Amino acid sequence: MSKEALIKSRYWEHKQLEEMTDDEWEMLCDGCGHCCLTKLIDEDTDELVYTNVACNLLDLESCSCSDYLNRHKFEPDCIKLDVHLAKTLPWLPSTCAYRRIAENKPLPFWHPLLNGDKRKMYRYGKSVKGKVVHERNRGDWEEHIVVWKL
Ligand code: SF4
Ligand code: SF4
């Protein structure tokens, strides 16, 4: 089925993550870039903290991976999200489409699948666009701790 036909079918409304084809799975990603940011564990409290430091492969304009197919060659720690991880990773943002479908929630109104492109997502500040720096350009970690309002 073509991408257009898949979008028209609104497959995300009647399929569980387990039932999705590879194409459907890939299209579900909104490309927000939040999963491409470094997370840290606070040494004193064991608490998970978020940063505005992005993987060096993240395209900071489009918030997409600049070499998705070969990414593990350059970033071996990059996680390949699957159904199990979508249901269990504690740091996935509440807006993440995989997390939302796993929790039987609808896609957010600004999701590119509902709007044809990422413009609404950018307008509502739901991506990391304009808010992050590459790992290679970061300063001390303390300067990069953030709380994302999503
Ligand atoms: S957080 Fe979820 S929806 Fe956003 S880029 Fe990562 S996998 Fe895709
Ligand atoms: S390699 Fe690509 S997909 Fe993986 S964290 Fe980096 S930018 Fe994101």
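Computed from a predicted structure; not experimentally measured. (Residues numbered from 1 in each chain as written. Chains lettered and ligands numbered in written order. Predicted model: local features only at pLDDT ≥ 70, side-chain atom pairs only at ≥ 80, totals over all residues. Heavy atoms only, no water.)

(A) Fine view of the overall build of the chain. Secondary structure summary: the chain contains 7 helices and 4 strands in total. Put simply, the chain runs from its N terminus to its C terminus through helices and strands in the order α-α-β-β-α-α-α-α-α-β-β. Along the longest, intermediate and shortest principal axes, the C-alpha atoms of the chain span 45 × 35 × 30 Å. Counting across all 150 residues of the chain, residues that qualify as buried make up 34%. In the chain, the proportion of contacts linking residues at least 24 apart, taken out of those at least 6 apart, comes to 56%. When the accessible surface of the chain is summed, it comes to about 9,400 Å², and 51% of that surface belongs to carbon and sulfur atoms. One finds the centroid of the 22 positive side-chain charges in the chain at a distance of 9 Å from the centroid of its 26 negative side-chain charges. (Helix = DSSP H or I, 4+ residues; strand = E, 2+ residues; numbered from the N terminus. Buried < 20%, exposed > 50% of the residue type's maximum accessible area, 1.4 Å probe, protein only. Contact = heavy atoms within 4.5 Å. Areas by Shrake-Rupley, 256 points an atom, 1.4 Å probe, with all protein chains shown as cover. Lys, Arg positive; Asp, Glu negative; His and termini not counted. Charge placed at Lys NZ, Arg CZ, Asp CG, Glu CD.)

(B) Structural context of the nonpolar core. Tyr-11, Leu-17, Leu-28 and Tyr-98 are the most contacted members of the largest nonpolar core, which has 19 residues in total. Residue assignment for this core shows that the elements contributing at least two residues are helix H2 (22–28) and helix H5 (97–102). Not counting residues within four places of it along the chain, the set of residues in contact with Tyr-11 comprises Leu-6, Met-20, Glu-24, Met-27, Leu-28 and Leu-113. Of all hydrophobic cores here, the second largest spans 6 residues; its members include Ala-54, Leu-58, Cys-63 and Val-132. (Core = buried A, V, L, I, M, F, W, Y, C linked by side-chain atoms within 4.5 Å.)

(C) Focus on the site of ligand 1. What surrounds ligand 1 is the set Cys-29, Asp-30, Gly-31, Cys-32, Gly-33, Cys-35, Leu-81, Pro-93, Cys-96, Ala-97 and Tyr-98. Residue classes in the shell around ligand 1 are distributed as 8 nonpolar, 2 polar and 1 charged. (Near = heavy atom within 4 Å. Nonpolar A, V, L, I, M, F, W, Y, C, P; charged D, E, K, R; others polar.)

(D) Main features of the site of ligand 2. As a matter of local geometry, ligand 2 sits amid Cys-36, Cys-55, Leu-57, Leu-58, Cys-65, Arg-71, Glu-75 and Cys-78. Its residues assigned to classes, the shell around ligand 2 comprises 6 nonpolar, no polar and 2 charged.

(E) A look at the packing of aromatic side chains. Here the structure, examined in full by the defined rule, presents 3 aromatic pairs. For the ring pair Tyr-11 and Trp-12, a centre distance of 5.2 Å and an interplane angle of 80° mean the geometry is edge-to-face. The burial state of Tyr-11 is the same as that of Trp-12; both residues are buried. Measuring from centroid to centroid gives 4.9 Å for Phe-109 and Tyr-124, while their planes differ by 90°, and the two rings are edge-to-face. Here Tyr-124 lies in the loop between helix H7 (119–123) and strand S3 (133–134) and Phe-109 lies in the loop between H5 and helix H6 (112–115), a separation of 15 residues in the sequence. Accessibility expressed as a relative area gives 48% for Phe-109, which makes it partly exposed. (Phe/Tyr/Trp six-rings, centres within 6.5 Å; stacked < 30°, edge-to-face > 60°.)

(F) Inspection of the side chain of His-111 at higher detail. For His-111, the location among the structural elements is in the loop between H5 and H6. Overall, His-111 belongs to the buried group, its relative accessible area being 0%. Polar contacts involving the side chain of His-111 include one to the main-chain carbonyl oxygen of Leu-28, which spans 2.8 Å. Sequence-distant contacts of His-111, defined by excluding residues within four places in its chain, comprise Met-27, Leu-28, Cys-29, Asp-30 and Ala-97. (Polar contact = N/O pair within 3.5 Å; in protein donor to acceptor, adjacent residues only side chain to side chain.)

(G) Broad picture of unusual backbone geometry. The phi torsion at Arg-10 lies on the positive side, around 50°, for a residue other than glycine. Along the chain, Arg-10 turns up in the loop between helix H1 (3–9) and H2.

(H) Spatial organisation of the pairing of strand S2 (residues 48–54). Most of S2 is tucked away: 5 of the 7 residues are buried. Looking at chain direction, strand S1 (residues 37–41) and S2 are connected through 4 bridges and run antiparallel. Looking at the pairing, Leu-40 lines up with Val-49 of S2. Here S1 folds back onto S2, and the loop between the two strands holds 6 residues, one of which, Asp-46, carries a positive phi near 65°. Note that S2 and strand S4 (residues 145–146) share 2 bridges and pair antiparallel. Across the sheet, Thr-51 pairs through a bridge with Ile-145, a residue of S4. Where S2 and S3 come together, 2 bridges link them in parallel fashion. When the bridges of S3 are listed, Val-53 appears paired with Val-133. (Pairing = 2+ DSSP bridges.)

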